[in-house]
Each structure stands twice: as structure tokens, then as C-alpha cells.
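The residues making up each chain are set out below.
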Amino acid sequence: MNKKSFDWQGLQRFFPYLLKYKKENITAMFLGIIAGLTSVYMTYLIGQSVDQMVGENAVDFTGLYRILGLFTGVVLVTIISQWLIQRLGNRVAYLAVADLRKEAYQQLNQLPLRYYDQTSHGNIVSRFTNDMDNVSVAVSAIFNQLFSGVSVVLLALFMMVYMSIPLTLVVLVSTPIIFLVSWIVANASQNDFRQQQMIVGEVSGFITEMVGNQKVVKAFQQEDVNQAKFEAINQELYVRGQKAQFSSSLTNPLSRFVDHLAYVAVGFTGAYLIFSGSQLVTIGVVSSFTIYSTQFSKPFIEISGITTQIQTALAGLTRTFDLMDQEPESTDETGKELSHVQGEIRFEDVDFAYDPKRPLIENFTFTAHPGESIAIVGKTGAGKSTLVNLLMRFYDVDSGRITIDGTDIREMKRDDLRQQFGMVLQDTWLFDASLRENLMYGNAEATDDDIYQALKKAYMYDFVMRLPQKLDTLIGQQGIKISDGQRQLLTIARTMISNPTMLILDEATSSVDTLTEKNIQSAFLEMMKGRTSFVIAHRLSTIQSADKILVMEAGHIIEQGTHEELLANKGAYYQLHHAQFEQ
């Protein structure tokens, strides 16, 4: 597709969202016809009044008052119908965009984790806010002019043909020129609008990242550096936006200039016909015709006046449908459901790489027997967290397979698979809501007693009981602020409440103090009894009681055994242990 042309495909794909609201569209069409009829009839009344005032002492005040009365009534009908069309237009525009936003969010939930890892989160958010808001504004503006505009064009054309074919031809010659001017300018500037919306997404992504990590920015005194980066992106947006807006803004004045030339041509042609003795053209006809010609071209002129909004909306639709065209995770509706899980997990000759050019996991083979606790240690980048991504099917293996109780996890339903695991990650996540809502996130049927028991095991019971509203206390931006350690303890309690079949603990106590960590270890040990568990830890003191310890390096298992066995071997694990505990 030519990058300088309109993305008509995006516009065509959006039409079904608008046509869904048939009642509103039909009503608006009916009101548009009324508005068009009244508008054209007003012009007819003006022509009648002019003809009645031509000549000395020829004014018919009785007829003039009648015309003025009709004119007032017609104006009121036009105003009311246009107001109703505007209300309907806003309703259809925002409902249609709401449907599009809903479907886009459903698509977002179906995309693989790879998409989130490779796409700026702020850029994704920008598609749901800036891009779709621009679409609703443009649709509302077009809708307000569409039905009445079409009616006016058709009725005005009929009246012009009825009144004078020569004058009609003068008007019709100018109309294609208006179309041509609008098309050339808009076509040339559309790529600038695409680039403008892409940069808006970059700005949104940059701000989202910097605001979310403002502590790090201030800690490393990077305010000036970030300010410079932001100004560079903002300047790029200014240059591209100015170019797009300037090009598009030429459409309306150029269209009006062509229209005014047609207006003058109608006047000269009408005067020539009158002075030539034509009986078909009168001063009233010329007066009405100039207004009819204006009404005929007005919808085209008004559309050219919102060309900028239309082009911005088209660029937004392109970005939105680009999101919706992303390949979702493979369907697993026919996948097997897990029942009576024993917890035997096998990695059989597994290969995986985030980037095909940089292999990470190669020929990985390992078996975790039911109820075993498996600790995974190794240097940063060894592939520890990648095993979790593969086990949860956030990513699928490139070759080999992973099985649970002998069944390949790719043959299972993802939701059913993930429901079997309880996860506590180093990066904690609690949303802006009450404590109860956060703690019940993995188990909607949990009772308050279940919650309090988990809080006791996670050493957060006393903290919660001191809060004025206890479990109903709001946390987050609109509620109380809690420390990183408290957040992590709450996520541990949330996992306990979900009562999973198997566990994954990825640096689960990295943000808590040593004494609390020691106490929580006993709670973890209790929770891990009878459950196959994977524990990723840098603090070797937390995994000494594991049934088996895997030492990984560059995606391979270089050692495995119990804590005592590995120390006796004096290999890689011994060196890690020595580095942490020996001077």
C-alpha cells in the first residue's frame, strides 16, 4: 500500500461499528431530510420575497409578512432537527468507538506475552486513548453534517436544474475542482498524520516509563537527561505535527476560494442572461440561485474544514486495527483439562530462544517428581526465569516438550494450566482497590477467615488489623501507601489464599527483611508440603532445604543435587555459596 495514500481499509472496517446502531442512523437520516428540505425551502422563500420587492411601490407587505412568518417557522424546525442530529451523532460516534475499544481490549487479552515485551506499554495505552478519542471526535463531526448535507445537495441540485440549467452547469463545473483540491492536499499529508500519531504513542510510552520509575530517575540524577530526551521527541512531534496540520489546513481555504469563484461566476452569468432578455431568469432567480449554489457546495466545504480531524482519525484507525491484526495466542478450546494433578513435571530436550539469533535454553532435560521442591540458582541471564515463562506457557518451547503427569502442556488449556500454579514474583503487583479485592484475586470464593489465616502466615495480620477499615481499606493511588516489603507480603498471602496445586516462587522474599524472611520460610515450607514447587532465589540461605537444587549457566544445568551434595562437590554451587557466606 502506498504510504502516502489514505488507509481506506481501516475506514471500511470501521463502518460495521457505525451501522450497528440502525435506529439512530435511520432517525438521523429522517431528520437530515427534514433539515435539507427546510434549508432549501428557506432559500425559495428568500427568492419569493426578493421578487415581491422588485420595482417602485411594488412591495406586497401582506405576502411579505406571510413569507417572514413561514421563514421563522422553517428556521425553528431546522435548528431543532440539527440539534437532534448532533445528539444522535455524538451517541453513535461514542457508542461505536466504545465497541471498537471493547473488541481491541479483548484482542489485547488474547495476545501473547511476547507482544507486551516488544511493545511500549505507553504506546499501547495511546491507542486506547488518543487514537480512539480522535476517531470519535471525527465521526461525530462527520455525522452532524452527513445526512442533512446529502439532503441539501440533492434538493439544491434539483432546484437549480429546475430554475436554470446554464447556471447549474456553472456550479457543477466547480464541484469536481473542490474534490480534486481536497484529495491532492489530503493524500499528500496523510503519511504525516500517521507519523504524528506514532510519535504521540512514543511520547505516551516515554512518559509512562519515566513516571513509573521516577524514584530511579531521581536517585541517579537523570532529570536533565530525561528532559532532553523528552524535548527531542516533543520537537519531532512538533515538526511532524506542524507539517501535517499545515498541509491539511490548506484544504478548506482552497476549497472556499474555488467556491467563491463559482459564486462570482453565477452572478456574472445570471446578470448576462437578464441583460440578454432571458425570460427564464429574474433577479429573484439569481438571488435564490446564488444561495442554492452555496448550499450545494457547503457540505463539501464543511467536510474540507474537518479534514485534519478526519486524517487524524484515519491514522488512529490504522494503529487500532494494527493492534487487532496482531496474531493472538493459538486457540486451546479443545485442549485437555487437568484433573487430579499429581505434579510430575518433565522438561524433555527443550530448546528456546527469545531471539532466534541468540539461543538461550538448549537440550534442557529435567524431571521434578510429585511433591518435590526444586530450587533453581545461577548467575543473572542463566535462564532461570525463562523456565517459569515456559512452564506457564507465557512462551512456547521452540522444540522438545514440557509435560505435567505425562501430558504435553501445549495440549492443555492455558487457563486450566495456569490455574494449577500459584506464583509469587519479585515484581509485585497490586491494583488500586481494597485489600480484600486484591487478596481474593486468585480465589473469588475465599472467606474472610481464609484471608485472615493467610495474612497470619504471611505476617501481615497485625498490620491489617491496625487499619481503620481493615480488609476494606483502599490501597494504591487513591488509598494508603504501603512499602515494597508489605506489598510482597500481601502477594504471598494472595498466593496462599488461591491454594494452588503447584508453586512458583521467583525471588519471593527479595523485598523483606532477613527476620521476616526467616519466619515466612516456615510458612512457605508448610504451603509447599505435597506440592511440586519451583523456587528461584539468589539468597542461597532460602533454598537449603530444597529436595533438589539446579545450578544453571547459559541455559544448561551444570550441577544438580541437594545442598550438602553440591557443597561436597565443590563446583559452581560451592563457589556461589562461598561468595555469599565466606569472607
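The rules behind these values
- Residues numbered from 1 in each chain as written.
- Predicted model: local features only at pLDDT ≥ 70, side-chain atom pairs only at ≥ 80, totals over all residues.
- Heavy atoms only, no water.
- Helix = DSSP H or I, 4+ residues; strand = E, 2+ residues; numbered from the N terminus.
- Buried < 20%, exposed > 50% of the residue type's maximum accessible area, 1.4 Å probe, protein only.
- Contact = heavy atoms within 4.5 Å.
- Areas by Shrake-Rupley, 256 points an atom, 1.4 Å probe, with all protein chains shown as cover.
- Pairing = 2+ DSSP bridges.
- Axes fitted to C-alpha atoms, helices over the stretch in contact; angles between N-to-C directions.
- Salt bridge = Lys/Arg side-chain N within 4 Å of Asp/Glu carboxyl O.
- Polar contact = N/O pair within 3.5 Å; in protein donor to acceptor, adjacent residues only side chain to side chain.
- Patch = residues over 30% accessible without salt bridge, like charges linked within 9 Å, V, L, I, M, F, W, Y side chains within 5 Å.
- Phe/Tyr/Trp six-rings, centres within 6.5 Å; stacked < 30°, edge-to-face > 60°.
- Lys NZ or Arg CZ within 6 Å of the ring centre and 35° of its normal.
- Expected span 1.5 Å × (residues − 1).
- Core = buried A, V, L, I, M, F, W, Y, C linked by side-chain atoms within 4.5 Å.

Novice: How would you sum up the overall build of the chain? Please name residues and give values.
Specialist: Helices and strands together make up the secondary structure of the chain, namely 20 helices and 12 strands. The proportion of buried residues among the 583 residues of the chain is 46%. Long-range contacts, defined here as pairs at least 24 residues apart, represent 77% of the contacts in the chain between residues at least 6 apart. Counting every atom, the chain has about 30700 Å² of accessible surface; 57% of that belongs to carbon and sulfur.

Novice: Give me the sheet that holds strand 1 (residues 345-352): which residues, what numbers.
Specialist: Taken together, four strands build an open sheet; the order of strands is 2-1-4-5 and the sheet is antiparallel. The open sheet has two edge strands, strand 2 (361-368) and strand 5 (407-408), and neither has a second partner. Alignment of strand 1 against strand 2, held across five bridges, turns out to be antiparallel. Note that in strand 2 the partner of Phe352 across the bridge is Ile361. Along the sheet face, helix 12 (residues 384-391) touches strand 1, strand 2 and strand 4 (399-404) and points at about 110° away from the line of strand 1.

Novice: Give a description of the environment of Phe15 that names residues and reports values.
Specialist: Counting through the fold element by element, Phe15 comes out in helix 1 (residues 8-19). It is 9.2 Å that separates the C-alpha atoms of Phe15 and Ala96, two residues lying 81 residues apart in sequence.

Novice: Now, about the pairing of strand 1: what can you tell me, with residues and values included?
Specialist: Of the pairings in the sheet, the one linking strand 1 to strand 4 comprises five bridges and is antiparallel in character. Bridging across to strand 4, Glu348 finds its partner in Arg401.

Novice: So, the pattern of salt bridges: which residues are in play, and what are the values?
Specialist: Tallied over the entire structure, the rule returns 12 salt bridges. Across the pair Asp99 and Lys20 runs a salt bridge whose closest N-O atoms are separated by 3.2 Å. On the criterion of sequence distance, the pair formed by Asp99 in helix 3 (residues 61-110) and Lys20 in the loop between helix 1 and helix 2 (22-52) is long-range, its members being 79 residues apart. One salt bridge connects Arg319 with Asp131, and the closest N-O pair in it is separated by 2.6 Å.

Novice: Outline the side chain of Asn438, listing residues and values.
Specialist: Here Asn438 shows up in helix 14 (residues 435-439). Within polar-contact distance, the side chain of Asn438 engages the backbone oxygen of Ser434 at 3.1 Å. Dropping the residues within four chain positions of it, Asn438 is found in contact with Leu430, Phe431, Ala433, Ile475 and Arg494.

Novice: Run through the environment of Ile345, naming residues and quoting values.
Specialist: Here Ile345 is to be found in strand 1. C-alpha of Ile345 to C-alpha of Pro370: the two residues are 25 residues apart in sequence and 7.7 Å apart in space. Contact partners of Ile345, with chain neighbours within four places excluded, come to Phe366, Thr367, Ala368, Leu391, Ile402, Thr403, Ile404, Phe421, Met502, Thr532 and Phe534.

Novice: Describe a nonpolar patch on the surface, and please don't skip the residues or the numbers.
Specialist: Judged by side-chain polarity, Val161, Ile165, Leu169 and Leu172 come together as a nonpolar surface patch covering roughly 340 Å² of accessible area. No other element matches the three residues that helix 6 (residues 165-212) contributes to the nonpolar patch.

Novice: Describe in detail the packing of aromatic side chains, supporting the description with residues and values.
Specialist: Across all of its chains, the model carries eight aromatic pairs by this definition. Where Tyr354 meets Tyr395, the ring centres are 5.1 Å apart and the plane angle is 85°; that geometry is what we call edge-to-face. Highlighted residues: Tyr354 in the loop between strand 1 and strand 2 and Tyr395 in the loop between helix 12 and strand 4, separated in sequence by 41 residues. With a relative accessible area of 32%, Tyr354 lands in the partly exposed category. We classify Tyr395 as buried; its relative accessible area is 6%. Through a chain of ring-to-ring contacts, three or more aromatic side chains come together here, namely Phe352, Tyr354 and Tyr395. The ring centre of Tyr461 lies 4.9 Å from the NZ or CZ of Lys456, which sits over that ring.

Novice: Before we move on, can you summarise helix 11 (residues 307-324) with the specific residues and values?
Specialist: Over its 18 residues, helix 11 runs 25 Å from end to end, which matches the ideal 26 Å to within 8%, given 1.5 Å per residue. Within helix 11, 15 of the 18 residues are buried, which leaves it mostly tucked inside the rest of the structure.

Novice: Lay out the sheet that holds strand 11 (residues 548-553) with the relevant residues and their values.
Specialist: Within a sheet, neighbouring strands are paired by backbone hydrogen bonds and run either parallel or antiparallel to one another. Ordered in space as 6-9-10-3-11-12, the six strands form an open sheet in which the pairing is mixed. Strand pairing shows two members of the sheet lacking a second neighbour, strand 6 (421-424) and strand 12 (556-561), which therefore form its edges. Each strand of the sheet is rotated relative to its neighbour by a mean of 20°, with strand direction disregarded. Sheet strands in contact with helix 17 (residues 484-498) are strand 6 and strand 9 (502-506), and its direction is about 175° off that of strand 6.

Novice: Could you give me a rundown of helix 12, with the residues and numbers involved?
Specialist: Of all eight residues in helix 12, seven are buried, a share of seventy percent or more. Among the residues of helix 12, those classed as buried are Lys384, Thr386, Leu387, Val388, Asn389, Leu390 and Leu391. Downstream of helix 12 by one or two residues, Arg393 has phi in the positive range, about 60°.

Novice: Tell me about unusual backbone geometry, and please be specific about residues and values.
Specialist: Its identity is not glycine, yet Asn363 carries a phi of approximately 50°, on the positive side. Relative to the helices and strands, Asn363 resides in strand 2. Residue classification places Asn363 among the exposed residues on the basis of a relative accessible area of 56%. Residue Tyr459 is not a glycine yet carries a positive backbone phi of 60°. Tracing the sequence through the fold places Tyr459 in the loop between helix 15 (448-457) and helix 16 (461-465). For Tyr459, a relative accessible area of 42% gives the class partly exposed.

Novice: Please give an account of the nonpolar core that cites residues and values.
Specialist: Ranked by internal contacts, the top residues of the largest apolar core, which has 40 residues, are Leu439, Leu455, Leu490, Ile492, Ile543 and Ile549. For this core, the secondary structure elements donating two or more residues are strand 3 (373-378), helix 14, helix 15, helix 16, helix 17, strand 9, helix 18 (514-528) and strand 11. Among the elements that line this core, the one with the most residues is helix 17, at six residues. Once residues lying within four places of it in the same chain are set aside, the contact partners of Leu455 are Leu439, Met460, Tyr461, Val464, Leu471, Leu490 and Ala493. Ile402, Ile404, Ile536 and Leu550 belong to the second largest nonpolar core, which has 32 residues in total.

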